[in-house]
Amino acid sequence: KSLVGSEMCIRDRGFTYRTTDGIYFDTAKFKGYNKLSHQDLEALQEGARVERNPEKRNPTDFALWKFSPEGSKRQMEWDSPWGVGFPGWHLECSAMSMKFLGDQLDIHCGGTDHIDVHHTNEIAQSEAATDKPFFNFWMHGAFLIIQGGKKMAKSEGNFLTLENAFIKNDINPLAYRFAAFLTHYRKPMEYSAESIEAARNGLLHLQNQVRQVADAGVDADNAVNTEFKNKFIQAINDDLNMPRAMAVMQEMLKSNISDAEKHTTTLDFDRVLGLRLDQLDKAPALPEAVQKLIEARIKAREAKDFAASDQLRAEIETRGYQVQDTKDGMKVHKK
């Protein structure tokens, strides 16, 4: 398919009209235009949503093809049966998807800000052209926000980048991945130093659990526990409920099944989670200097000298190791 072919198919079916600045899609002729957004189209008739254009029949109508302004040449423009111009923003996505992937596809992802306009218009133009459902499932992720419910904005100086959020603070990307699993994708995820630190500790705890069961090896029969696998799959299939899936992981690791079965099942779960739990050393060797600091900290805690304990903890962490105080004692891992 091509941009030309798609537009002509839509045009032949009576969904388009021409104005002085382009070819537009008549949304009033597409039944169920608001089936994704559930917007009140009568309210939209007041014209508060999009740019005003006196030639548009409906405020929700959108450009399939825009004509290049007379007397000027754009960096990207093409000849077409309707004149020199360029495709509308929405049409680009549908045309590329349908050309390379097919008329009907399974899952379309995107941010919640694309529901009302962009994805609604993708559906309208695509289904008007094919008379087939464009995508079976639409999964819209909520925004990543800053602590306190603030939106990211360059003007506020709180815009996160890989450099200032991860590299500068020496944060393992897997810790962020772990943090993302703790919030459902359709709910806003709050980013803060505290939340990332909690996720880092949570990941270290999980890695420690896996190291402990890894000593038993992988089950000789490669047996994945069926009961827990079914629970894990049910969580994933429940609108990608990752918080529930992570809870199933913990439920399994704390259960009474054998360590070998736990390890096998964990590695099976990690095919979905992607936390690289199959790449952990069972018992990573610690440098002698770090080991001496650990021994000194153990003695300080036994003597209830918590000031010295905190100072030794800080010194261990400056050497690139994470300290966790658990009910089973102190655990030290590479950051």
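You'll find the structure just up there.
These remarks concern the structure in this document. Keep in mind that what you see is a predicted model, and the values were worked out from it rather than measured.

Thresholds applied
Residues take numbers from 1 onward in each chain, read along the sequence in its written order. Two thresholds apply to this predicted model, a pLDDT of at least 70 for residue-level local features and 80 or more for giving and counting side-chain atom pairs, whereas whole-chain, interface and lining totals are computed over all residues. Heavy atoms throughout the structure, all of them, feed into the side-chain values; hydrogens and water do not. By definition, any uninterrupted DSSP run of H or I lasting at least four residues is a helix, any uninterrupted run of E lasting at least two residues is a strand, and each is numbered from the N terminus. Buried, partly exposed and exposed residues are distinguished by accessible area as a fraction of the type maximum, computed with a 1.4 Å probe on protein chains only: under 20%, between the cut-offs, and over 50%, respectively. Between two residues, a contact is recorded if the distance between any of their heavy atoms is within 4.5 Å. The method behind every accessible area is Shrake-Rupley, applied with a 1.4 Å probe, and residues are considered shielded solely by the protein chains displayed. When a carboxyl oxygen of Asp or Glu is within 4 Å of a side-chain nitrogen of Lys or Arg, the pair counts as a salt bridge. Classification of ring pairs rests on two measures: the distance between centres of Phe, Tyr or Trp rings, Trp counted by its six-membered ring, which must be within 6.5 Å, and the angle between planes, read as stacked under 30 degrees, edge-to-face over 60 and tilted in between. When the NZ atom of lysine or the CZ atom of arginine is within 6 Å of a ring's centre and also within 35 degrees of its normal, the charge is said to sit over that ring. A pocket here means an open set of points on a 1 Å grid, computed over the protein atoms alone, that has protein on both sides within 12 Å along at least five of seven lines. A cavity is instead a set of points where a 1.4 Å probe fits but cannot get out; residues with an atom within 4 Å of a point line either one. Grid points are joined across faces, edges and corners, and a volume is the space filled by probe spheres set on the points. Three categories are distinguished: nonpolar for Ala, Val, Leu, Ile, Met, Phe, Trp, Tyr, Cys and Pro, charged for Asp, Glu, Lys and Arg, and polar for the others, with Gly belonging to the last. Take the buried residues of types Ala, Val, Leu, Ile, Met, Phe, Trp, Tyr and Cys, join any two whose side-chain atoms come within 4.5 Å, and each joined set is a nonpolar core.

1. Section: the overall build of the protein
Next, step 1: For the protein, the helix and strand inventory stands at twelve helices and ten strands.
Next, step 2: Summarising its shape, the C-alpha atoms of the protein cover approximately 85 × 50 × 35 Å along the three principal directions.
Next, step 3: Sorting the 335 residues of the protein into buried and exposed places 43% on the buried side.
Next, step 4: Considering only intrachain contacts with a sequence separation of at least 6, the fraction spanning at least 24 residues in the protein is 65%.
Next, step 5: For the protein, the exposed area adds up to about 19200 Å²; of that, 51% sits on carbon and sulfur atoms.

2. Quick word on the environment of N158
Next, step 1: Tracing the backbone through its elements, the reader meets N158 in the loop between β7 (144-146) and α5 (162-167).
Next, step 2: In the structure, N158 is positioned 13 residues away from I145 in sequence and 9.7 Å away in space, judged by C-alpha atoms.
Next, step 3: Every residue in contact with N158, bar those within four places of it in the chain, is listed here: I146, K150, K151, M152 and A153.

3. As for the pattern of salt bridges
Next, step 1: Per the stated rule, a full pass over the model turns up 20 salt bridges.
Next, step 2: Of the charged contacts in the structure, one is a salt bridge between D131 and R13, with a shortest N-O distance of 3.1 Å. One end of the pair, D131, is in the loop between α4 (115-130) and β6 (135-141); the other, R13, is in the loop between α1 (3-12) and β1 (16-19), and 118 residues separate them in sequence.
Next, step 3: For D131, a relative accessible area of 64% puts it in the exposed group.
Next, step 4: Looking at R13, the relative accessible area reads 38%, which means it is partly exposed.
Next, step 5: A salt bridge links K66 to D21; its shortest N-O distance comes to 2.9 Å. Taken together, the residues span a long stretch of sequence, with K66 in strand β3 (residues 62-67) and D21 in the loop between β1 and β2 (22-25) at a distance of 45 residues.
Next, step 6: Through salt bridges with shared partners, a single ionic network connects R297, R301, R313, E317 and D325.

4. Brief notes about unusual backbone geometry
Next, step 1: Positive phi is not limited to glycine here, since L240 has a value of about 50°.
Next, step 2: The residue L240 is located in the loop between α8 (226-237) and α9 (242-253) in this model.
Next, step 3: The residue K304 is not glycine, and still its phi comes out positive at about 60°.
Next, step 4: Among the secondary structure elements, K304 is positioned in the loop between α11 (288-302) and α12 (306-318).

5. Digging into the packing of aromatic side chains
Think of a pair of aromatic rings as described by two things: how far the centres are apart, and how the planes are tilted against each other in angle.
Next, step 1: Throughout the structure, instances matching the rule amount to nine aromatic pairs.
Next, step 2: Relative to F30, the ring of F25 has its centre 6.4 Å away and its plane inclined at 65°; by these criteria the two rings are edge-to-face.
Next, step 3: Within the aromatic cluster, the residues linked to one another by ring pairs are F15, F25, F30 and F62.
Next, step 4: In this structure, R74 is placed above the aromatic ring of F86, and the distance from its NZ or CZ to the ring centre is 3.5 Å.
Next, step 5: Over the face of the ring belonging to F100 we find K99, whose NZ or CZ atom lies 5.7 Å from the ring centre.

6. So, the layout of surface pockets
Next, step 1: Put simply, the second largest pocket is a space of about 270 Å³.
Next, step 2: What lines the second largest pocket is a set of 14 residues, and nearest its centre among them are A180, F181, T183, H184 and Y185.
Next, step 3: Of all the elements, helix α6 (residues 173-181) adds the most residues to the lining of the second largest pocket, at three residues.
Next, step 4: Considering only residue class, the lining of the second largest pocket consists of ten nonpolar, three polar and one charged.

7. Considering the nonpolar core
Next, step 1: If you look at the biggest cluster of nonpolar residues, it comprises 31 residues, and the most contacted ones within it are L206, M249, F269, L273 and L275.
Next, step 2: Of the residues forming this core, the biggest block, seven residues, is contributed by α9.
Next, step 3: Look past the residues within four positions of L206 in its chain and what remains in contact with it is F178, M249, Q250, L253, L275 and L277.
Next, step 4: In this structure, F62, A124, A128 and F134 belong to the second largest nonpolar core, which totals 17 residues.

Without other data, these values stay purely geometric and don't point to any function.
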